[in-house]
Amino acid sequence: MSIFGKILTIGALLAVTACTNATKYDNAGAGGAGGAGVSGSASDPTSAAFFQQSIGDRVLFVVDQSSLTDQSRSVLQGQAEWLLTNTDYSAIIEGHADEQGTREYNLGLGEKRANAVREFLVSRGVAGNRLKVVSYGKERPIEICSDESCYAKNRRAVTVLSGGLTG
Amino acid sequence: MQTGTKISGVAHLVLVGVAIFGGAFKSDPLPFEVHEVSVISAEQFAAMTASRPAPDVAAEPVAPDALTRPDPETDTPEVTTEADKTPDKALPEPTAQPVPDPEPESQPAPPTPETEAAPTLEQPQPEVVIQPQEISPRPQPRPVDRVAPVPVAAPPPDAAPDEVETPQVNPDEGAETPQEPTKATAPEEASDRIVTEADEKPASLAPTSSVRPPARPANRPKPPSNSQSATSNAVNDAVTEALGGAAPAAPAPTGPPLTGGEKDALRVAVSTCWNVGSLSSAALQTTVVVGVSMTPTGKPQSGTIRLLSSSGGPEAAAKQAFEAARRAIIRCGAKGYDLPAEKYGQWQEIEMTFNPERMQIK
Amino acid sequence: MIRLLCCILAALVAAVPLVIQPALAQQGPLRIEITEGVIEPLPFAVPGFVPDNTAATDYGKQLSQVIAADLSGTGLFREIPASAFISPITDFAAPVKYADWKAINAQALIAGAVTVSGSKLTVRFRVYDVFSGAELGNGLQFTGNTDGWRRMAHKVADAVYSRITGEGGYFDSRVAFVSEAGPKNDRRKRLAIMDYDGANVQYLSDSSTIVLAPRFSPTGDRLLYTSYETGFPRIYVLDVGKVKRRALDNTEGTMSFAPRFAPDGKTVVFSLAQGGNTDLYTMGVSSGKRTRLTSAPSIETAPSFSPDGRQIVFESDRSGSQQLYIMPTGGGEARRISFGKGRYGTPVWSPRGDLIAFTKQSKGRFHIGVMRLDGSQERLLTASFLDEGPTWAPNGRVIMFTRETQGASGRASLYSVDITGRNLRPVRTPDGASDPSWSPLQQ
C-alpha cells in the first residue's frame, strides 16, 4: 500500500492549501482520496495514512455476498477503535462489486456491502452521523484483469476518511 | 350353395369395401424412436449380438429414457431435431432420405440397413446408445444469410445466385456446336436452420440448450392434417384405380392421377421461392390459401393469382403473407413448373396453402 | 343366402358410383400445402434518387445510400449494387422497365426524386414489386429542412420496410447511450445521443462525473439517468432539446438509480437503496411524490413498465438468486416468470407488449434473451463474456445492447440483433459505448 501512501502524502501537501468539501467526490482515483487529512507520515497514529496502511481501510467479500468474514470483522474492529479515538474524522464507506454482474444489481450489492460495514462500526460505538454510505457498483474496479484474482480485490468496501481539517 | 360361391361373394364384398373405405384405415405411422447409430463393422456387430444375454440383466436398473435420448451435453442438439423431423415427412420415403450435412457418414448405402437394424437392436440398448459418445463432433451449420429447407453448400465464388445450378460454359474453339458462354450459376449457400450466436459451438461449452428443446413440440402437430389430406388423396387414387381411371370426358386431358412425386416436385419448387425472411411476425402466424390458374406450359397466370382465404392473423398480415406467396409462385414459375402436360386437366387450377407455422424461428 | 349376398354386392356396386361422383367432383383444383420456405434477404435495388435541380445532385446519391444501408442493416434485405443495374432510372415519372430489374433479380425497386429550393428539401419515392410488375402501395412525398435529409431518408426506408414486411418501421429513431473513454480503472463516462445508425452524435454531459443508463421518455423529449455529481448515485431528468437537467430525488442517506418512465410520461419508477436494502418506488415527475412498491429485504431493481402502464417487470434476488418478476403497477403480489438455470436481470418490456428482453448469466457467460410474459419460450439470442442491458427498437423486432470484452484492455460497445437471433452486428460509435436506450419513432 505504499503507493497509496505516496499519493496521499502528495495529495495532502497539495490539499493543505485548500479546504475540500467532505461530501463532494470526483472520478480521480479509485481509492477516493478526495479529502485529505492532516499532512503526516504513516507513522503518525492519528493520520489518515496510518489508518489506511496499518489499520486497513478495506474489507473484501465473497462473490454475491455482503456478509462480513471473521477477518473483515477484526479489521473493522481496528477501524472502529481508531475512529473512536480520532473523533475529528468522518468517513464515507464505499461499496464495490466485481464485473460479473449487471449494472443495477451491482449498485444494490455495493450498497449492501457498504452498509454492512457501517452497521458493524455503529455497533462498536461509532456515531452514525459520522458515517455515510455510497455504492459504486462495478464502476470503479481497482484491478482490471478478468479473473478471480482481480475480482476478489474488487469486491470490497473501503472506508474513506474525510474532514480532518474542515472547521 | 357351393362354398366356392360363398367365398367368391365374400371376397368381392371385401374387395369393394376396401376399395371404398380402405383409405379411412390409414393411420399415422407409430412414432418410433430414432437412435443414434454409427457405422460399425460386421465383426463388431457380431460381437455385440453375441453377448446379448448379459446386458439384459444389467439393463434393468438403467432408466431407459436417460439413455435413449441423446445427452445434450455430449451430442449436438441439431441431431435431435433432425431425428424428430423425419416422422413428419412424407411417409413412404425411407428415413435416411433427408440427409443434409449433419449426417455425412450416412451418405453411402448403409443408411437403410442401419435404420432397419435399429428396431432389432432394441434389446442391447445400453451398448448401442453408448456409441454416440464416440461420434466425432458433427459439423455445425454456420450462420448463413439464407435458410432453406434443403441446405446448400457454399457455391463457387464467382457463381451468380440462381435457383438452379448451372456450370460455367466457356466457348471451346474446337467444339462442333458452339455454345454460348454462360456464367456459372449456383443456388446460394443455405443452411437449413437459423443459427443464433447462442447456438454456436455448443460442443466446447455446456450448451445453453434452453434454445433447442422448446422447438420440438412445435413440430409435432403436423401429422394429423397430413394424414387427412393423404387419406382423401388415397381414397381418390384407390377409387380411380378401381374404375380403371375412366374419368368422364373433360376439356383438358387429365391422364392418370398425379403421382406423389409430381406433386412434391411442385411443392418443393414453390417452396424454394417462398421467402418468409421479410415477413412480419404477425404474417408468420397467418396461413393463406392462394388460387392460381396455370397455362399448359406450366407457367402460372399472374393475373389469376388470388387470395382465397386466410386464417390465424389480421387482414394486414394476411395481405403480407399473400404477397410473399404470390412472389413465390411467380418467381419459380417464370420458366414454368415441371408438371406433366398430359395431366394438364388436373393441375390447370391449383390451390396452394401457405402455412408458415414451421418457419417461425426454427 | 346367395340372394342376400347378391343383393348386398349389387347395392355396394351401385353405391360405388355415388361415392365416386363426389370424389371426382373433388378432383377440381389441385391442392398442395407449402409448409417450408426459405429465409433469405430480399434483394432490392435503390438507384440514386433523381435530382430535379442541380442543387439536389448530391442529395440524390446520399439519400439512396442511407436508405440502402437502413434496409441492408436489418438483415432482411440485400442491396443489389449499382454496378449491376442494366438501365438506370433517370426520370421518376417514366414507366419502369420491369424486365431489366427482373434480369438482375431485384425483387423490390425503390425509385425516387429530390428537389432542393433554398433550405427546403423535398423527397418523393415509389416502391415497385418487380416480379408482380406493379407498384407496391402509393408514392409518398416528404418535405423538410436540408439539414434533416438523413431523417427523410430514414422515413423513406421505414415506409419501404413496412410495406414489404408488414412490420412497423424503426429507422427514424435515436439512441441515447453512455460514451466511454479511458482505461478500465478510470473510465470517463458521458451522456450522448445519436441517430440509431450512429450518425449525428451529440454529447449531453461532460465526463466530470459518472453517469449511467439514460432512458428515453415515451415521447423522446426527455431522458432519465443516474449521475454521481453529488457524490452519490441519484436520478435526474434531462430535457434533450434544451440540455437542461434536474435532480428528481435528493434525499440524504439514500441512493437512487435505475429509473424508467411510465407510458404516460408523468410517473417514474426507480430503485432506492438505503440501510442495506434496495426497493422499488414510483414518483410523480412534477409532484415529486414518492410511493413505495416493494419492501422485501432483497435487492429489487431494474424495473420496466408494460406498454399499457399497468404492470411492472423487475429483477429481485428474493429467491436467493436474481430472477424476473411481474407485479401490478400499484404494488402488490409479484409473480416470478423466470425459471431457467442461471441469473436473470435487466428485464425490459417490448413495445409490442408480447415479450420481455433480459440479460441472463449462466456458467460464466452472459446472454441477451427474450421470453414470453409467463416465462415460456425463453430464447437466448447472444452469448459472450459480458452482454447486458437490452433495449427495444420502436417496432419490437430488434434489440440493442452493451457488449464488453474481457481483460485489462476490455472495452464496451453497442450491438444490435434481430429478435430471431440473426443479424448480430455492431453499432458504430466514436468511442466505447454502453447502456443504450432506443427512442420511440420520431414524428
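Asker: Is there a simple way to think about the overall build of chain A in this case?
Answerer: In terms of helices and strands, chain A carries five helices and four strands. The helix and strand sequence of chain A, counted from the amino end, reads α-α-β-α-β-α-β-α-β. Counting all 167 residues of chain A, 51% fall into the buried class. Within chain A, residue pairs in contact and separated by at least 24 positions form 75% of the contacts whose partners lie at least 6 positions apart. Within the structure as shown, chain A displays about 7200 Å² of accessible surface, and the carbon and sulfur contribution to it stands at 56%.

Asker: What is the right way to look at the sheet that holds strand β12 (residues 211-216) of chain C in this model?
Answerer: In any sheet, the strands associate via hydrogen bonds between backbone groups, in a parallel or an antiparallel arrangement. All names here are of chain C. A sheet is described by the order of its strands in space; here four strands give the open sequence β12-β13-β14-β15, paired in antiparallel fashion. The strands lining the two open edges of the sheet, one partner per strand, are β12 and β15 (244-247). The sheet shows a mean angle of 25 degrees between the axes of neighbouring strands, taken without regard to direction. Where strand β13 (residues 222-227) meets strand β14 (residues 234-239), six bridges bridge the pair, whose relative direction is antiparallel. Bridge pairing in β14 places Thr226 opposite Ile235.

Asker: Before we go on, may I ask you to explain the interface of chain A and chain C in this structure?
Answerer: Quoted interface sizes are often the accessible area lost when the parts come together. Listed as interface residues are 34 residues of chain A and, on the opposing side, 46 residues of chain C. The contact between chain A and chain C buries some 3400 Å² in all, and 53% of this surface belongs to carbon and sulfur atoms. Our enumeration of links across chain A and chain C arrives at seven salt bridges. A salt bridge links Arg343(C) to Asp64(A); the nearest nitrogen and oxygen atoms lie 3.7 Å apart. For the pair chain A and chain C, the interface holds 20 residue pairs in polar contact (both at pLDDT 80 or more). Listed by contribution, the elements that provide at least two residues to the side of chain A that touches chain C are α4 (103-123) and β3 (131-137) of chain A. Considering every element that reaches the side of chain A that touches chain C, the biggest residue donor is α4(A), with ten residues.

Asker: Would you take a moment to explain a nonpolar patch on the surface for this structure?
Answerer: Taken together, the side chains of Val10(B), Val14(B) and Val18(B) define a hydrophobic patch exposed on the protein surface, amounting to about 250 Å² of accessible area. Mapped onto the elements, Val14(B) comes out in helix α1 (residues 3-21).

Asker: Explain α4(A) here, please?
Answerer: Residues and elements named next belong to chain A. Taking 1.5 Å of rise per residue, 21 residues should cover 30 Å, and α4 covers 30 Å from first to last C-alpha, within 8% of that figure. In terms of burial, α4 is largely enclosed, as 16 of its 21 residues are buried. Note on α4: the residue one or two positions beyond its end, Gly125, has a positive phi of about 105 degrees.

Asker: Hey, could you run me through the nonpolar core in this one?
Answerer: One broad trend across soluble globular proteins is that nonpolar side chains are buried collectively. Counting residues in each nonpolar core, the largest one holds 53 residues, and the members touching the most others are Val270(B), Ile329(B), Ile350(B), Met352(B), Phe354(B) and Trp101(C). Those elements giving two or more residues to this core turn out to be α10 (260-273), β3 (287-293), α11 (315-333), α12 (344-347) and β5 (349-354) of chain B together with β1 (30-34) and β5 (108-117) of chain C. Among the elements that line this core, the one with the most residues is α11(B), at ten residues. Beyond its immediate stretch of four places on either side in the chain, Ile329(B) contacts Val270(B), Val290(B), Val292(B), Pro300(B), Ile305(B), Tyr337(B), Met352(B) and Phe354(B).

Asker: It is not clear to me how empty space enclosed by the protein should be interpreted in this structure. Could you clarify?
Answerer: With a probe scaled to a water molecule rolled over the atoms, the places where space remains empty come into view. By the definition in use, this model includes twelve cavities of 30 Å³ or more. The volume enclosed by the largest cavity comes to roughly 230 Å³. In terms of lining residues, the largest cavity is bounded by 18 residues, among which Glu99(A), Lys138(A), Pro141(A), Lys184(C) and Glu404(C) are the most central. Here the residues of the lining of the largest cavity sort into six nonpolar, one polar and eleven charged.

Asker: How should the pairing of β3(A) be read in this particular structure?
Answerer: Across a regular strand the side chains alternate sides, sitting on one face of the sheet and then on the other. A large share of β3(A) lies buried, amounting to six of its seven residues. Each parallel crossover has a hand, and for strand β2 (residues 90-96) of chain A linked through α4(A) to β3(A) it is right-handed.

Asker: I would appreciate a short explanation of the sheet that holds strand β23 (residues 335-336) of chain C in the present structure.
Answerer: Residues and elements named next belong to chain C. Across the sheet, which stays open at both edges, the four strands sit in the order β20-β21-β22-β23 with antiparallel pairing between neighbours. The open sheet has two edge strands with one neighbour each: β20 (300-305) and β23. One ladder, built from two bridges, connects strand β22 (residues 323-328) with β23; its direction is antiparallel. Within β23, the position partnered with Ile326 by the bridge is Arg335.

Asker: Would you explain the pairing of strand β10 (residues 188-195) of chain C in this entry?
Answerer: Residues and elements named next belong to chain C. Along β10, six of the eight residues are buried, which leaves the element largely enclosed by surrounding structure. Alignment of strand β9 (residues 174-181) against β10, held across eight bridges, turns out to be antiparallel. Directly across from Ala176, in β10, lies its bridge partner Ile193. With antiparallel pairing between neighbouring strands as the criterion, β9 and β10 make up a hairpin whose turn holds six residues, including Gly182 at a positive phi of roughly 95 degrees. Where β10 meets strand β11 (residues 202-203), two bridges bridge the pair, whose relative direction is antiparallel. Each residue of the ladder has a partner; that of Ala192, found in β11, is Tyr203. With antiparallel pairing between neighbouring strands as the criterion, β10 and β11 make up a hairpin whose turn holds six residues, including Gly198 at a positive phi of roughly 95 degrees.

Asker: Any chance you could explain the environment of Ser191(B) here in plain terms?
Answerer: Residues and elements named next belong to chain B. Position of Ser191 relative to the elements: it lies in the loop between β2 (185-186) and α8 (215-219). Its relative accessible area of 6% is what places Ser191 among the buried residues. Counting along the chain gives 46 residues from Ser191 to Asp145, while the straight-line C-alpha distance between them is 8.3 Å.

Asker: Looking at this model, I keep getting lost on the pattern of salt bridges. Mind explaining?
Answerer: As a working rule, side chains carrying opposite charge can pair if their charged atoms are close by. Tallying each qualifying case throughout the model produces 40 salt bridges over all chains. Between Arg306(B) and Glu349(B) there is a salt bridge; the shortest N-O distance is 3.5 Å. Residue Arg306(B) is located in strand β4 (residues 306-311), and its partner Glu349(B) is located in strand β5; the two are separated by 43 residues in the primary sequence. Taking the relative accessible area as the measure of exposure, Arg306(B) reaches 35% and is therefore partly exposed. On the basis of relative accessible area, Glu349(B) is assigned to the partly exposed category, the value being 29%. A salt bridge links Arg352(C) to Glu167(C); the shortest N-O distance between them is 2.7 Å. In this pair, Arg352(C) sits in the loop between β24 (343-349) and β25 (355-362) while Glu167(C) sits in the loop between α4 (149-165) and β9, placing the two residues 185 residues apart along the sequence. The partly exposed category is assigned to Arg352(C), whose relative accessible area is 33%. One salt-bridge network, held together by shared partners, links Arg103(A), Glu139(A), Glu180(C), Arg187(C), Lys189(C), Glu404(C) and Asp435(C).

Asker: Honestly, the side chain of Lys343(B) in this entry has me stumped. Any pointers?
Answerer: In this structure, Lys343(B) sits in the loop between α11 and α12. The exposure class of Lys343(B) is buried, given its relative accessible area of 4%.

Asker: Please explain the state of the cysteines as it appears in this structure.
Answerer: What we call a disulfide is simply a covalent bond connecting the sulfur atoms of a pair of cysteines. Residues and elements named next belong to chain A. Applying the stated rule across the entire model yields two disulfides over all chains. Shown here is the disulfide that connects Cys145 with Cys150, its sulfur atoms set 1.8 Å apart. With the S-S bond torsion at 115 degrees, the cross-link from Cys145 to Cys150 turns out right-handed. According to the relative accessible area criterion, Cys150 is buried, its value standing at 7%.

Asker: Help me out: how do you make sense of the confidence of the model for chain B in this one?
Answerer: Note that predicted coordinates carrying low pLDDT should not be read in detail. Residue and element names in this part refer to chain B. Summary statistics for chain B give a mean pLDDT of 63 and a share of 39% for residues scoring 70 or more. pLDDT under 50 marks residues 202-232. Its contacts with residues more than four places away, or in other chains, come to 42 contacts. Considering only residues more than four positions removed or in separate chains, one finds that residues 234-250, a stretch of pLDDT under 50, has 14 contacts. The ipTM for the predicted assembly is 0.89, set against a pTM of 0.71.

Asker: When you look at the packing of helix α2 (residues 57-73) of chain C against α4(C) in this model, what are you seeing that I'm missing?
Answerer: Between two packed helices, both the angle of their axes relative to each other and the distance between the axes serve to describe the pair. Residue and element names in this part refer to chain C. Across the interface, α2 lies against α4 with an axial gap of 9 Å and an inter-helix angle of 50 degrees. The angle between α2 and α4 falls in the class oblique. In the packing of α2 onto α4, the handedness of the crossing is right-handed. Residues Tyr59, Gln62, Leu63, Val66, Ile67, Asp70 and Leu71 of α2 form the contact with α4, whose own contacting residues are Trp149, Arg150, Ala153, His154, Val156, Ala157, Val160 and Tyr161. For the contact of α2 with α4, the residue count by class is eleven nonpolar, two polar and two charged.

Criteria and thresholds
- Residues numbered from 1 in each chain as written.
- Chains lettered and ligands numbered in written order.
- Predicted model: local features only at pLDDT ≥ 70, side-chain atom pairs only at ≥ 80, totals over all residues.
- Heavy atoms only, no water.
- Helix = DSSP H or I, 4+ residues; strand = E, 2+ residues; numbered from the N terminus.
- Buried < 20%, exposed > 50% of the residue type's maximum accessible area, 1.4 Å probe, protein only.
- Contact = heavy atoms within 4.5 Å.
- Areas by Shrake-Rupley, 256 points an atom, 1.4 Å probe, with all protein chains shown as cover.
- Pairing = 2+ DSSP bridges.
- Axes fitted to C-alpha atoms, helices over the stretch in contact; angles between N-to-C directions.
- Buried area = accessible area lost by both parts, 1.4 Å probe.
- Salt bridge = Lys/Arg side-chain N within 4 Å of Asp/Glu carboxyl O.
- Polar contact = N/O pair within 3.5 Å; in protein donor to acceptor, adjacent residues only side chain to side chain.
- Patch = residues over 30% accessible without salt bridge, like charges linked within 9 Å, V, L, I, M, F, W, Y side chains within 5 Å.
- Expected span 1.5 Å × (residues − 1).
- Core = buried A, V, L, I, M, F, W, Y, C linked by side-chain atoms within 4.5 Å.
- 1 Å grid on protein atoms, 1.4 Å probe; cavity = no way out; pocket = protein on both sides within 12 Å on 5 of 7 lines; lining within 4 Å.
- Points joined across faces, edges and corners; volume = space filled by probe spheres on them.
- Nonpolar A, V, L, I, M, F, W, Y, C, P; charged D, E, K, R; others polar.
- Right-handed = clockwise from strand over helix to strand, strands pointing away.
- Disulfide = S-S within 2.5 Å.
- pLDDT = per-residue confidence, 0-100.
- Parallel < 35°, antiparallel > 145°, perpendicular 65-115°, else oblique.
- Left-handed = near helix turned anticlockwise from the far one by under 90°.

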